[in-house]
Amino acid sequence: MKQVIKVHHHTVSKTLDVYFDDDSHCTFSCEFLRVHSPSAEVQGHGNEPMKLVLNKQSVNIKHIEPVGHYALRLDFNDGHNSGLFSWAYFTHLQAQHDELWQTYQQRLKEHQASKDSVPIKFVP
């Protein structure tokens, strides 16, 4: 399993660089990390589907706390801090970044389309 060896938070660009022990690295936006938080609040409880987290374009990380030698707790400025980003989860996010982001963007479009639609009821 890959290990995270260093992280660097860019407060102005709202990104987090994550460096792994295999000499790879990935840059995640704070929005991406917030909407893909590993917390049950986002991922769903039990068999519930993943929640669609909205309006996080401006979210930033205000504090990063190491948890043992296996994870980070990211404290976001919107008050969310309940997910533990393990090294395995960061590896998953790195490998699936583009697919996860495209899926999220598609879910946002579908939400916007359904939010603005008005059902019409025809009465004979």
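Above: the structure in question.
A brief structural summary. (Residues numbered from 1 in each chain as written. Predicted model: local features only at pLDDT ≥ 70, side-chain atom pairs only at ≥ 80, totals over all residues. Heavy atoms only, no water.)

**Notes on the overall build of the protein**
For the protein, the helix and strand inventory stands at 3 helices and 6 strands. Tracing the protein from N to C terminus, the helices and strands come up as β-β-β-α-α-β-β-β-α. C-alpha extents for the protein along the principal axes are approximately 70 × 35 × 25 Å. The burial tally for the protein puts 35% of its 124 residues in the buried class. When contacts within the protein are restricted to residue pairs at least 6 apart in sequence, those whose partners lie at least 24 apart make up 44%. For the protein, the accessible area works out to roughly 7800 Å², and carbon and sulfur atoms hold 53% of it. Computing the positive centroid from 12 side-chain charges and the negative centroid from 14, the protein places the two 8 Å apart. (Helix = DSSP H or I, 4+ residues; strand = E, 2+ residues; numbered from the N terminus. Buried < 20%, exposed > 50% of the residue type's maximum accessible area, 1.4 Å probe, protein only. Contact = heavy atoms within 4.5 Å. Areas by Shrake-Rupley, 256 points an atom, 1.4 Å probe, with all protein chains shown as cover. Lys, Arg positive; Asp, Glu negative; His and termini not counted. Charge placed at Lys NZ, Arg CZ, Asp CG, Glu CD.)

**Details of the sheet that holds strand β3 (residues 25-29)**
For sheets, the rule is that strands pair by backbone hydrogen bonds, running either parallel or antiparallel. Across the sheet, which stays open at both edges, the 3 strands sit in the order β1-β2-β3 with antiparallel pairing between neighbours. Each edge of the sheet is formed by a strand with only one pairing partner; in this case those strands are β1 (4-10) and β3. Neighbouring strand axes in the sheet, compared pairwise and without regard to direction, differ in orientation by 20° on average. Direction of pairing for β1 relative to strand β2 (residues 15-20): antiparallel, over a ladder of 6 bridges. Bridging across to β2, His10 finds its partner in Thr15. (Pairing = 2+ DSSP bridges. Axes fitted to C-alpha atoms, helices over the stretch in contact; angles between N-to-C directions.)

**Some words on the sheet that holds strand β4 (residues 61-67)**
Taken in spatial order, the 3 strands of this open sheet run β4-β5-β6, and their pairing is antiparallel. Lying at the two open borders of the sheet, with one neighbouring strand each, are β4 and β6 (84-86). Neighbouring strand axes in the sheet, compared pairwise and without regard to direction, differ in orientation by 30° on average.

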